[in-house]
Amino acid sequence: MIDSLQSTLNYFYGLPLWELLAVISALFYVVLAAKENIWCWPAALVSTVIYTVIFYDVYLWMDAVLQVYYLVMAIFGWYCWRKISPSANHGVNRNAHSSTLEIQSWPLIFHTKIILLLTACSLAIGWLMDNYTPTDFPYLDSATTVFAVFATYLVTKKVLENWLYWIVIDLVSIYLYIEKDLQPTVVLFCLYVVIAIVGYVMWLGKYQKNNHQSNGNIASATE
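What you see as residue numbers is a count from 1 along each chain, following the sequence as written. Per-residue local features of the predicted model are confined to residues with pLDDT of at least 70, and side-chain atom pairs are confined, for both listing and counting, to 80 or more; whole-chain, interface and lining totals are unaffected and use all residues. To get the side-chain values, take all heavy atoms of the structure and skip hydrogens and water.

Chemist: Could you give an account of the nonpolar core, with specific residues and numbers?
Modeler: Put simply, a nonpolar core is a bunch of buried Ala, Val, Leu, Ile, Met, Phe, Trp, Tyr and Cys residues held in one set by side-chain atoms that sit within 4.5 Å of each other. In this scheme, a residue with accessible area under 20% of its type's maximum is buried, one over 50% is exposed, and one in between is partly exposed, where area comes from a 1.4 Å probe on protein chains only. By size, the foremost hydrophobic cluster in this structure holds 56 residues, and its most contacted members are Tyr-29, Trp-41 and Trp-81. Taken together, the elements giving at least two residues each to this core come down to helix 2 (17–34), helix 3 (40–57), helix 4 (61–82), helix 5 (108–132), helix 6 (138–156), helix 7 (162–179) and helix 8 (183–222). Sort the elements by how many residues they give to this core and helix 8 lands first, with nine residues. What makes two residues a contact is simply this: any of their non-hydrogen atoms within 4.5 Å. Leaving out residues up to four positions away in the same chain, Tyr-29 has contacts with Cys-40, Trp-41, Ala-43, Ala-44 and Val-155. Numbered from the N terminus, helices here are DSSP runs of H or I no shorter than four residues, and strands are runs of E no shorter than two.

Chemist: Quick one: what's the story with the packing of aromatic side chains, residue by residue and with numbers?
Modeler: Planes of paired rings set the category: under 30 degrees apart is stacked, over 60 is edge-to-face and the rest tilted, where pairs are Phe, Tyr or Trp rings (Trp by its six-membered ring) whose centres lie within 6.5 Å. Going through the model one piece at a time under the given rule, you end up with 16 aromatic pairs. Relative to Trp-203, the ring of Trp-163 lies with its centre 5.5 Å away and its plane at 90°, an arrangement referred to as edge-to-face. Here Trp-163, found in helix 7, pairs with Trp-203, found in helix 8; they are 40 residues apart in sequence, far enough to count as distant. Across this residue pair, the class does not change: Trp-163 and Trp-203 are buried. Through pairs of rings, three or more aromatic residues link up here, namely Tyr-29, Trp-41, Trp-81, Trp-163 and Trp-203. For a Lys NZ or an Arg CZ to count as sitting over a ring, it must be within 6 Å of the ring centre and within 35 degrees of the ring normal. Geometry around Trp-81 places Lys-158 over its ring, the cationic atom sitting 4.6 Å from the centre.

Chemist: So what's going on with the pattern of salt bridges? Which residues, and what values?
Modeler: One speaks of a salt bridge when a side-chain nitrogen belonging to Lys or Arg is within 4 Å of a carboxyl oxygen belonging to Asp or Glu. On inspection of all chains with the given rule, the structure shows three salt bridges. One salt bridge connects Glu-36 with Lys-158, and the closest N-O pair in it is separated by 2.8 Å. Taken as a pair, Glu-36 in the loop between helix 2 and helix 3 and Lys-158 in the loop between helix 6 and helix 7 lie far apart in primary sequence, 122 residues in all. On the basis of relative accessible area, Lys-158 is assigned to the buried category, the value being 4%. For Lys-180, the salt bridge goes to Asp-136, with nearest N and O atoms at 2.4 Å. Here Lys-180 is found in the loop between helix 7 and helix 8, whereas its partner Asp-136 is found in the loop between helix 5 and helix 6, with 44 residues between them in sequence. Overlapping salt bridges, with partners in common, bring together Glu-36, Lys-158 and Lys-206 in one network.

Chemist: Quick one: what's the story with the side chain of Gln-67, residue by residue and with numbers?
Modeler: For Gln-67, the location among the structural elements is in helix 4. Dropping the residues within four chain positions of it, Gln-67 is found in contact with Ser-47, Thr-48, Tyr-51, Thr-52 and Phe-55.

If you want it as structure tokens, here you go:
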């Protein structure tokens, strides 16, 4: 255990500057997202540009394509998080926080249908990658990519369940990056799992608080 930790620390000491910058900025993105801080999106821009090159170089091509998508979604996420929430135009005691996009939860039946659809897409893309490209781990790589595309969209819309998707995606990704000898990224994704759990708890608390306040405002308005 000690030898493994020392090996990881030594790897960080000799880490190329660009990969270290990608790790740090990506970590900032997740931490700021968990805090509902809009500055998570500029941090995402930095990490995605760098990781696009890294993943292409190690033949994780679907992950490289995913980084380009992240780049676009970082811009879209900034726009969505600054946008006025429709619910902010109604109710009592509106404040600055309530005028922004609020955390929402989508029903279980919707997520069940989406998971089935995304699984089918992952298998189809994995088959194509397995037969027509030199990429490694085509099915797992495709699955993490497909599900991450959807999970990222959930983040831009502040959907509570995004964190549950990320926990599973990150756990699978850890295996992939261990196999590709990307130790700093393995450490990063282990931190992602922890942050995703914390993020879910934090967002759940805020979601329940917002719902309680909204129900209280509606009750007051009808009296």
